[in-house]
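Tertiary structure, described
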Amino acid sequence: MQQKYGLLCLLFLFISGYYTQDPTTTLNPNWQGDPKVCIVNPPPTPSPEPAPPFPQFSQTAEFTLERVESSRLVTNITLPSQLSLYQYLYDYNANKLIMVKNKNGLIDVEYYYYNILKKSTYYGGQFCVVTDIPQNADMDGASAIKLADGSWHIRPLNEFLLFSSDSPDRRVTPIYLGKTMVRGIPVDKWQSCYIDRSQYRTVRRIWYFAQQGVSTPTGLVGQYAHPIQAEITGSLDLPNGTQIAEVDELYNVISYRPYILETADALAPPKGVFCNSGPGQSLISLRDIGAGWPNRFSVRVEASTSRSERWQRFHLRYDSGRDGNSKRLRYDYAPPGSEDFVSVIHDYANDITYTIDRRAGACHVNRSVDIPDVSPTRDPIEFFIKNEARFIFDPPANAWEYNGFRSCRGNTIKCTILTTSMDNFPVMVDIDTGKPTGETWAATNIEYAWSMRAPFAPTFMNRSRRFDYPTTLYLKLFRFEDPNNPSPLTVRSEDIEYEFYEMSHERHPQDFDVSACYRSLGYEYLHLTFVMKLNKGSIIDGNHLDRRELEFFTYFAIRNMSEVSFSRISEVEIDHERVGNDVTVFFTLLGRTPNPGSPTGFVDEITAATARDKLKNAIDAGKFYFDFSLMDNSTVQFRAEAGSLKGSKLYMSTHAGGPVKTIDKYTSGSEALAIIVGLLLGLIVGVIIAGVVRVVRKEPMPAAISLSNPLPSINFHTKKNAAASNA
């Protein structure tokens, strides 16, 4: 009620200030309200009809309210009527209230947190303003009251509707006025009178409640009151009793339910809006609720912006390394305007970036893992990688507001929502030049949605995090068109959203393989192989051995024996040939790590040849071995065979020792040619045999066929010969 009196209160203060200058104008302690509206002494005459049971109210309620307001001033000036729609979600037990207001198409949402006496108002789903909830304001049903235990609480529903009050210090007893029909519904009519003597305000409310047993669109009316309509008349008086303004309102209550039907999505605050309530606000870190990116992961990401209808997709991989000092990040994507995929690998330990063209096989090695500032709406992929510390590795601590749960990707996933805000972020980039403009966005709201992959699934590697799956990352950027004169009417906003799919905590050494760069740039590398033997049984192909874990054990063993960094070992493959029980290991040993800009172009470390010699000495000395645990809790030892390390070109498969089998195959053309040659040979042999038979029998051979010239009259002479004969 206090909002609708805003303009009238200003006028009231102006006029009352004038009257207070008159010494004859004093406060009247006997003022009992505006008699033109209602008074409490004496009370109004009740209806002669027998009153029904006094309305009882539920602990929860959900309803829509249509409000029509008209105001009149003392000068008989009538202000234009105003229509507003409200939706209320009331929960006494939860001590919370949500109110959605729609006025002239502008939708605002208010969240009341009575335990901390704060109200968050979201204007148009874009901005949030936190204010204090009024306390003990009897003319305001949404104000807080103090309970006997000293805590602040929402009012009971009858007091919230300003229908009645049982409190001794603010008792209001309605009067029954009889039965009638409202909107075709049989109702009981009650009147309440509220008087604020400190402000000389009087409000009369006539409530219409559906009679018990009446059928409504939301069901039969039962034991709880079902409000249908309210007629409200309020006035403002001067201390001498002169009325200066009057306000008439009509409330139509629609779809009233004595329970809350809305889902958690409807109760969650708007997407991507952060409410800053100032000092004392309870903010948390992501890890406080068990949300956080793991030390290694692989995830597919789809990015969209408010400036583009096209989704941009990339595959992100990350590994912090076993010791945490070999952090590497890789993302594969198709750059804007290109159809070829590019792999970008950031080696944070060496501060190097590898850019590999997967189609052409070309590679560029650059010093530094830093990415220049980019436009977040034009290049959301590079923007994500540029700010990976803020989003993944080092998100702000004690800066996230917990906003409950919301459905993600339709209704398939339930996510917990956390929101924060960063001022003066990010840097603004000119779209035409791609260079920073020297300005920043005023602020960026960041919202994370986290979920669990499967609540009852066993944890991976004894991980205790509650939320292991980032579902979405939503960014809303704000700036004012005129930073010197900021106004909500001139604010500009842009949206960026990242959706994460196929999150995996597994890793593979091939994920960060840079051997393509060594081959394309002519750097040193060696393809090597050696043989390992098992100390028991033929279990290499059994179902008790994890082949991926075996690759990792072998990978680390090679690294330790060759004394090189992890990034210099690639393409580790383990092959078992069924002829024997040996295990053959193939791998590529890369040369020194590139160091662009240095005199040699490489980091000062051992070469691939030196690392190979170290590995060979360890294998030949019997130092290359490790114990490996099987899935049946038994253990097997793998030991490299002395003298087995060699170049992969010298490798000969043991399959060559088996029996040699030759299989002849013919094409259809060769088969046809063989048939024709056979027919010709048969014909010749037949002619020869026939001749031999005639000779044996002394029979004469058949006479030769004489072929006469069919063109005897034609003289085959040239013109030159003819001329010579004529001469």
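Please refer to the structure higher up on the page.
Residues numbered from 1 in each chain as written. Predicted model: local features only at pLDDT ≥ 70, side-chain atom pairs only at ≥ 80, totals over all residues. Heavy atoms only, no water.

1. As for the overall build of the protein chain
- When helices and strands are counted, the protein chain shows ten helices and 34 strands.
- Burial analysis of the protein chain (727 residues in total) assigns 44% to the buried set.
- Across the protein chain, the fraction of contacts at a sequence separation of at least 24, relative to all contacts at a separation of at least 6, is 57%. (Helix = DSSP H or I, 4+ residues; strand = E, 2+ residues; numbered from the N terminus. Buried < 20%, exposed > 50% of the residue type's maximum accessible area, 1.4 Å probe, protein only. Contact = heavy atoms within 4.5 Å.)

2. Comments concerning the nonpolar core
- One finds Leu-316, Tyr-331, Phe-384 and Tyr-498 to be the most contacted residues of the largest nonpolar core, which totals 46 residues.
- No other element matches the five residues that strand 28 (residues 491-504) contributes to this core.
- Setting aside its immediate chain neighbours within four residues, Phe-384 contacts Phe-314, Leu-316, Phe-391, Ile-392, Leu-473, Tyr-498 and Phe-500.
- If you look at the next biggest cluster of nonpolar residues, it comprises 36 residues, including Leu-65, Tyr-90, Met-99 and Tyr-256. (Core = buried A, V, L, I, M, F, W, Y, C linked by side-chain atoms within 4.5 Å.)

3. Structural notes on the pairing of strand 6 (residues 127-132)
- Pairing between strand 5 (residues 118-123) and strand 6: six bridges, direction antiparallel. For Lys-118, the partnering residue across the bridge sits in strand 6 and is Asp-132.
- If you look at the hairpin formed by strand 5 and strand 6, you'll find three residues sitting between the two strands, and Gly-124 has a positive phi there, around 60°. (Pairing = 2+ DSSP bridges.)

4. Examining empty space enclosed by the protein
- Within this structure, the stated rule accounts for three cavities of 30 Å³ or more.
- Empty space within the largest cavity amounts to approximately 130 Å³.
- Residue lining of the largest cavity: 13 residues in total, with Asp-319, Arg-328, Arg-507, Phe-552 and Tyr-555 positioned closest to the centre.
- Examining the composition of the lining of the largest cavity, we find that three residues originate from one element, helix 7 (residues 547-562), more than from any other. (1 Å grid on protein atoms, 1.4 Å probe; cavity = no way out; pocket = protein on both sides within 12 Å on 5 of 7 lines; lining within 4 Å. Points joined across faces, edges and corners; volume = space filled by probe spheres on them.)

5. Some remarks on the sheet that holds strand 4 (residues 106-113)
- Spatially, 6-5-4-3-2-1-15-14-11-10-9 is the arrangement adopted by the eleven strands of the open sheet, whose pairing is antiparallel. Every interior strand has two partners, whereas the edge strands, strand 6 and strand 9 (175-182), have only one. Sheet twist, expressed as the mean angle between neighbouring strand axes with direction ignored, is 20°.
- In terms of strand pairing, strand 1 (residues 60-73) meets strand 2 (residues 82-91) through ten bridges, oriented antiparallel. Each residue of the ladder has a partner; that of Val-68, found in strand 2, is Leu-83. (Axes fitted to C-alpha atoms, helices over the stretch in contact; angles between N-to-C directions.)

6. Describing the layout of surface pockets
- Estimated volume of the largest pocket: approximately 850 Å³.
- Lining the largest pocket are 33 residues, and of these Lys-96, Tyr-111, Tyr-113, Tyr-402 and Asn-403 sit closest to its centre.
- Residue assignment for the lining of the largest pocket shows that the elements contributing at least two residues are strand 2, strand 3 (96-103), strand 4, strand 5, helix 3 (264-267) and strand 22 (401-408).
- It is strand 22 that provides the largest number of residues to the lining of the largest pocket, a total of five residues.
- Of the residues that constitute the lining of the largest pocket, the class distribution is 21 nonpolar, eight polar and four charged. (Nonpolar A, V, L, I, M, F, W, Y, C, P; charged D, E, K, R; others polar.)

7. Notes on the sheet that holds strand 27 (residues 469-480)
- Taken together, the eleven strands give an open sheet; going across it, the order is 21-20-19-18-17-16-28-27-26-23-22, and neighbouring strands pair in antiparallel fashion. At either end of the open sheet lies a strand with only one pairing partner, and these are strand 21 (363-367) and strand 22. When strand polarity is set aside, the average angle formed by the axes of neighbouring strands in this sheet is 20°.
- Where strand 18 (residues 328-333) meets strand 19 (residues 342-347), six bridges bridge the pair, whose relative direction is antiparallel. Bridge assignment links Tyr-333 to a residue of strand 19, and that residue is Val-342.

8. Looking at the pattern of salt bridges
- For the structure shown, the criterion picks out 28 salt bridges.
- Measuring nitrogen to oxygen at the nearest pair gives 3.6 Å for the salt bridge that ties Arg-479 to Glu-439. Of the two residues, Arg-479 sits in strand 27 while Glu-439 sits in strand 25 (residues 436-440), which places them 40 residues apart along the sequence.
- The class for Arg-479 is buried, based on a relative accessible area of 11%.
- The class of Glu-439 is partly exposed, set by a relative accessible area of 40%.
- Measuring nitrogen to oxygen at the nearest pair gives 3.5 Å for the salt bridge that ties Asp-613 to Arg-612. (Salt bridge = Lys/Arg side-chain N within 4 Å of Asp/Glu carboxyl O.)

9. Quick word on the packing of helix 7 against helix 8 (residues 608-620)
- Orientation of helix 7 relative to helix 8, taken along the N-to-C sense of each, is 105°, at an axis distance of 8 Å. Judged on the interaxial angle alone, helix 8 and helix 7 are roughly perpendicular. Facing helix 7, whose interface residues are Ile-558, Met-561 and Ser-562, helix 8 presents Ala-611, Lys-614, Leu-615 and Ala-618.
- Of the residues contributing to the contact of helix 7 with helix 8, the split by class is five nonpolar, one polar and one charged. (Parallel < 35°, antiparallel > 145°, perpendicular 65-115°, else oblique.)

10. A word on a nonpolar patch on the surface
- A contiguous nonpolar patch, built from Leu-673, Val-677 and Leu-681 and spanning about 280 Å² of accessible area, is present on the exposed surface.
- Looking at the element boundaries, Val-677 is found in helix 9 (residues 668-696). (Patch = residues over 30% accessible without salt bridge, like charges linked within 9 Å, V, L, I, M, F, W, Y side chains within 5 Å. Areas by Shrake-Rupley, 256 points an atom, 1.4 Å probe, with all protein chains shown as cover.)

11. Some points on the environment of Val-583
- Mapping Val-583 onto the fold places it in strand 31 (residues 582-590).
- On the basis of relative accessibility, which here comes to 0%, the residue Val-583 falls in the buried class.
- Remark: the alpha-carbon pair of Val-583 and Ala-640, spanning 57 residues in sequence, is separated by 9.0 Å.

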